[in-house]
Amino acid sequence: MVLLLHSPMPLLFESVSHGDLAFGFFNIETDMLLLNDYFFFASDFCRHVTDLARQHADKPYRSAWDVHVMPHEAVGNLQGAIAGDDLSGFIGEAYRLFPFPTEARAFKQNPEGHSTRERVEALATTFVPARRIPVMVNPNGEFIAIGNYAFNRPQFHALLSYVWLGGYPRWKDDVRPAYVVQMAAAAEASLHPLFAGIAAFS
């Protein structure tokens, strides 16, 4: 069972550590994101980015984020789950809870997806409990490492832009969750060098 990267939801993004990596939402009824084999909630991601954006520019940033690091065989088949013919693995079980919409016009990221967190988190924990992974930014803000995966400044900005847009399907009715709006405001106002030149929210 493998995650098929060329799906309509997560997209491939460049990294400095592993080349192209899948990143994004994988089900419109949850705000959980995947980063290759890392699964974490967009609300947490945006909160961490907001905190980072408010850090002093002259201090190194070190933190730890709660992440479900899924074994390869536990991830599932996203395209099969979307089609409804392969509900194996974590992604398949998520689609048992929240099937792909029958009408194409309903394929929009739900800005209330955070309301399903308790159910999705409990499901993810049946596969693997969340654990803390280190997150570090180098002193001049040129790179950020999220666990094993490192991104340069423009690559990281691209991840933020994806979340701002609501991924491939976009946010339903162009309504963004408050945590996304707060992240964007903090990033644009930030004096931290990691956010220098950001244009992800235009």
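The rules behind each value
- Residues numbered from 1 in each chain as written.
- Predicted model: local features only at pLDDT ≥ 70, side-chain atom pairs only at ≥ 80, totals over all residues.
- Heavy atoms only, no water.
- Helix = DSSP H or I, 4+ residues; strand = E, 2+ residues; numbered from the N terminus.
- Rg over C-alpha atoms; globule rule 2.2 N^0.38 Å.
- Buried < 20%, exposed > 50% of the residue type's maximum accessible area, 1.4 Å probe, protein only.
- Contact = heavy atoms within 4.5 Å.
- Areas by Shrake-Rupley, 256 points an atom, 1.4 Å probe, with all protein chains shown as cover.
- Pairing = 2+ DSSP bridges.
- Axes fitted to C-alpha atoms, helices over the stretch in contact; angles between N-to-C directions.
- Expected span 1.5 Å × (residues − 1).
- Polar contact = N/O pair within 3.5 Å; in protein donor to acceptor, adjacent residues only side chain to side chain.
- Salt bridge = Lys/Arg side-chain N within 4 Å of Asp/Glu carboxyl O.

## Some thoughts on the overall build of the chain
Then step 1. Regarding its fold elements, the chain presents seven helices and eight strands.
Then step 2. For the chain, the C-alpha radius of gyration of 16 Å lies close to 17 Å, the compact-globule estimate for 202 residues.
Then step 3. Classification of the 202 residues of the chain by burial places 52% in the buried group.
Then step 4. If you take every contact in the chain between residues at least 6 apart in sequence, the share linking residues at least 24 apart comes to 64%.
Then step 5. About 9400 Å² of surface is accessible on the chain, with carbon and sulfur atoms providing 52% of the total.

## A few points about the sheet that holds strand 8 (residues 149-152)
Then step 1. One open sheet accounts for eight strands, arranged 1-2-3-4-5-6-7-8; its pairing is antiparallel. If you trace the sheet from one side to the other, it starts and ends with strand 1 (11-15) and strand 8, each paired once. Strand after strand, the sheet turns through a mean of 30 degrees between neighbouring axes, direction not considered.
Then step 2. Here strand 5 (residues 61-69) pairs with strand 6 (residues 131-137) via seven bridges, running antiparallel. Note on strand 6: the bridge partner recorded for Trp 65 is Ile 133.

## Focus on the environment of Thr 126
Then step 1. Residue placement: Thr 126 occurs in helix 5 (residues 117-127).
Then step 2. Overall, Thr 126 belongs to the exposed group, its relative accessible area being 62%.
Then step 3. Along the primary structure Thr 126 and Phe 90 are separated by 36 residues, whereas in three dimensions their C-alpha atoms are 8.8 Å apart.

## Quick word on helix 6 (residues 153-165)
Then step 1. In a regular helix each residue adds 1.5 Å, so 13 residues correspond to 18 Å; helix 6 covers 19 Å between its end C-alpha atoms and thus fits that length.
Then step 2. Among the residues making up helix 6, those that are buried are Gln 155, Phe 156, His 157, Leu 159, Leu 160, Ser 161, Tyr 162, Val 163 and Trp 164.
Then step 3. Near the N-terminus of helix 6, the side chain that reaches the backbone nitrogen of Gln 155, with its oxygen 2.9 Å away, is that of Asn 152.
Then step 4. Gly 166 sits one or two positions beyond helix 6 and adopts a positive phi of about 85 degrees.

## Here's the deal with the pattern of salt bridges
Then step 1. This model, assessed by the stated rule, comprises six salt bridges.
Then step 2. In this structure, the salt-bridge partner of Asp 44 is Arg 47, at a minimum N-O distance of 3.3 Å. Of this pair, Asp 44 and Arg 47 both sit in helix 1 (residues 42-53), three residues apart, roughly one helical turn.
Then step 3. Residue class for Asp 44 comes out buried when judged on its relative accessible area of 12%.
Then step 4. When salt bridges that share partners are traced, they join Asp 44, Arg 47, Arg 117 and Glu 121 into one network.

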